[in-house]
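Below, each chain spelled out in residue letters.
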Amino acid sequence: MAARANALQLLAQYVRLQKQHMRGLFAPVLNSFHELTSERIAEYVGYISTSFKLNQFDESLANSAVVMQLALEGIDYYQGYYCNVMLLSTTATILGWMFYLYRLLTQDAEPQKMDSHKNDHTSKITVCLWIAVALLIGFVVVQRVPLAVSFYLLLPLPVWIFALRQVPSSNEDLINLPAYNQPAVATPTKASIMQLLLLIGCAELLVFTFFERRLISLCFVAFALYSNWDTFKTKRSFYLWLLLVAALACFPLVPPSVGYQNCSLLLAGILLLLFRQFLSRVQDNFKWHGRWCNTAILINTAVCVHLRNQQTAAPLPLNILSWLYLAYAFASILLSKETALEVRLQHICYNLGTLYTMMCTSYESLFVQLLAIELTTSLAEQRAQVEPLQHQQKSLQSSLRIAFTLILYTFFSLFGSGNIASISSFDPNISRCFLSHFAPFVIMSLVLLKLLLPIVTNISIVYTYSEYARLHERQIFICLLLICDVMGLNFLFLVRNTGSWMEIGSSISHFVIMEVTTLVLVLLAYVSKLLLQLTCSDRVLSKRN
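Residues numbered from 1 in each chain as written. Predicted model: local features only at pLDDT ≥ 70, side-chain atom pairs only at ≥ 80, totals over all residues. Heavy atoms only, no water.

The next point concerns the pattern of salt bridges. As enumerated under the stated definition, the model contains 5 salt bridges in all. Ionic pairing is found between R214 and E212, a salt bridge with its closest N-O pair at 2.8 Å. Look at E212 and you get partly exposed, because its relative accessible area is 31%. A salt bridge links E503 to R496; the nearest nitrogen and oxygen atoms lie 3.4 Å apart. Accessibility expressed as a relative area gives 38% for E503, which makes it partly exposed. (Salt bridge = Lys/Arg side-chain N within 4 Å of Asp/Glu carboxyl O. Buried < 20%, exposed > 50% of the residue type's maximum accessible area, 1.4 Å probe, protein only.)

Attention now moves to the side chain of N228. By the secondary structure assignment, N228 is in helix α9 (residues 215–228). When sequence neighbours within four positions are dropped, the list of residues in contact with N228 reads F238, W241, S378 and Q382. (Helix = DSSP H or I, 4+ residues; strand = E, 2+ residues; numbered from the N terminus. Contact = heavy atoms within 4.5 Å.)

Before going further, it helps to spend a moment on the environment of A62. Inspection of the secondary structure puts A62 in helix α3 (residues 57–79). Along the sequence, A62 and I48 sit 14 residues apart, while their C-alpha atoms lie 9.1 Å from each other.

To continue, consider the nonpolar core. Counting residues in hydrophobic clusters, the biggest one holds 107 residues, and the most contacted among them are L206, L355, F404, I407, F411, F434 and M487. Apart from the residues lying within four places of it in its own chain, the contact partners of F434 are N319, S322, W323, L326, L355, M358, M359 and L446. Of all hydrophobic cores here, the second largest spans 21 residues; its members include Y14, L36, Y82 and L153. (Core = buried A, V, L, I, M, F, W, Y, C linked by side-chain atoms within 4.5 Å.)

Attention shifts here to helix α20 (residues 473–494). The terminal C-alpha atoms of α20 lie 31 Å apart, and with 22 residues this matches the ideal 32 Å at 1.5 Å per residue to within 8%. Counting buried positions along α20 yields 17 of 22 residues, so the element is predominantly enclosed. (Expected span 1.5 Å × (residues − 1).)

The next subject is the packing of aromatic side chains. Under the counting rule described, the total for this entry stands at 29 aromatic pairs. Taken together, a centroid distance of 5.8 Å and an interplanar angle of 50° make the contact between Y14 and Y78 tilted. With Y14 in helix α1 (residues 2–22) and Y78 in helix α3, this pair connects stretches of sequence that are 64 residues apart. Y78 carries the same exposure label as Y14, and that label is buried. Both rings, one in F211 and one in F491, keep their centres 6.1 Å apart while their planes meet at 45°; by these two values the pair is tilted. One end of the pair, F211, is in the loop between α8 (193–209) and α9; the other, F491, is in helix α20, and 280 residues separate them in sequence. Residue F491 is classed as buried on the basis of its relative accessible area, which comes to 1%. Taken together, the aromatic side chains of Y14, F33, Y77, Y78, Y81 and Y82 make up a single cluster linked through ring pairs. (Phe/Tyr/Trp six-rings, centres within 6.5 Å; stacked < 30°, edge-to-face > 60°.)

Laid out in structure tokens, this is it:
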């Protein structure tokens, strides 16, 4: 009786989905689930009922099992009827958006003369797309396609119409700016096939790092050598930098920091931070409260770590001191009157580095500081070597390189320190300096802060040592969008709806992470510029170029 009831319930669900599909005008000519037609359903139901009445229970159980299996297959068939079409339409939408970004990236800064033949060809394609929109709207209406499915089926056409329209010049709104001197930078050059292949190859390599964390080391070493092989003036500085790169590449190979306690490595991170602070070339520009507040809070961190290892909660005054420093770390940077970018960068590195160290449990502080040192060294050497004319001639290549630097160092700071895993399974020990009890929402906020601090530091370093980054933000973030879209397209096809909840959730989270990465980096770039106090003229010139 239970088997018969389950079979009838599944058949009822299948019949409901079948009727929804068959109500469309084109349903008779479209594909359907032939293994379970209305006639076979009536035959199965009659046979099950007959065998049950004749006390043929084995036959009834066997037939119920067959019906349930076919009904489940039919339900999956109709629930995913438009799945492949929606996947293709979503892919077409993303490709249309990428094509529009590509046109923005490669357009000339000066207004171009319109090619009448090319314009006519584009107009014909646009007319064809509008006709396709009308036909597709008619199809979804007469076929009575669900509203959500209709939206995704129609979305690619208006996106491509928008992408094919004439792209306006980015300088039209800044032509009349006599108050600022226009920098001598050349217009963006057209992207070559090799540049596009390089962009796609970089994005594909980063995709694999989501499934094998250790591959991020290979990606980091390859990009570092490619960007800085001929940059250093002396062999001594080159070999020291190479040793630093090799040391950083080892961090993703060690166990993640979540749940992994190592007071020795944490102490090494604290000592390195103090060493950098007191031996810095710009230490004379530090206010007395900056040096001693950072030193005092690092001592406070060491005491809290010792107390936690002794299974003792930190006293309330130490918690209050930690919260006060959280506010001081940002307020002291924002209220500083210093105008030199390198000095402000040192303030940012030390304050945010100290704040980050307060939430570390192992080698994360050591890793993030070494990464900041490597990025600072490489960009400083590149700034000394690259002439302005080279930037003029390689505008697009420079934009692509800086965009990939941003996304690579962002993911490397996360994977290398093991912080990605802390999003879903965070270690409460990161709050030992701030809390003496378990407060999940506060701890999660601290986790997010811990994730973002290294990214803000890296972006601040790029803005400080790369004038090109300050003047060409638009190009750089368009390149960043393209890289993230290529990666997101990969993850779109890797989204799963079968398997364990962990596998399904991971596949969805990978796609969502890539979709929001650019937005997060744009917001953090604004935070970095706010901390660096870049002038209004810098922002205007950045928009101008």
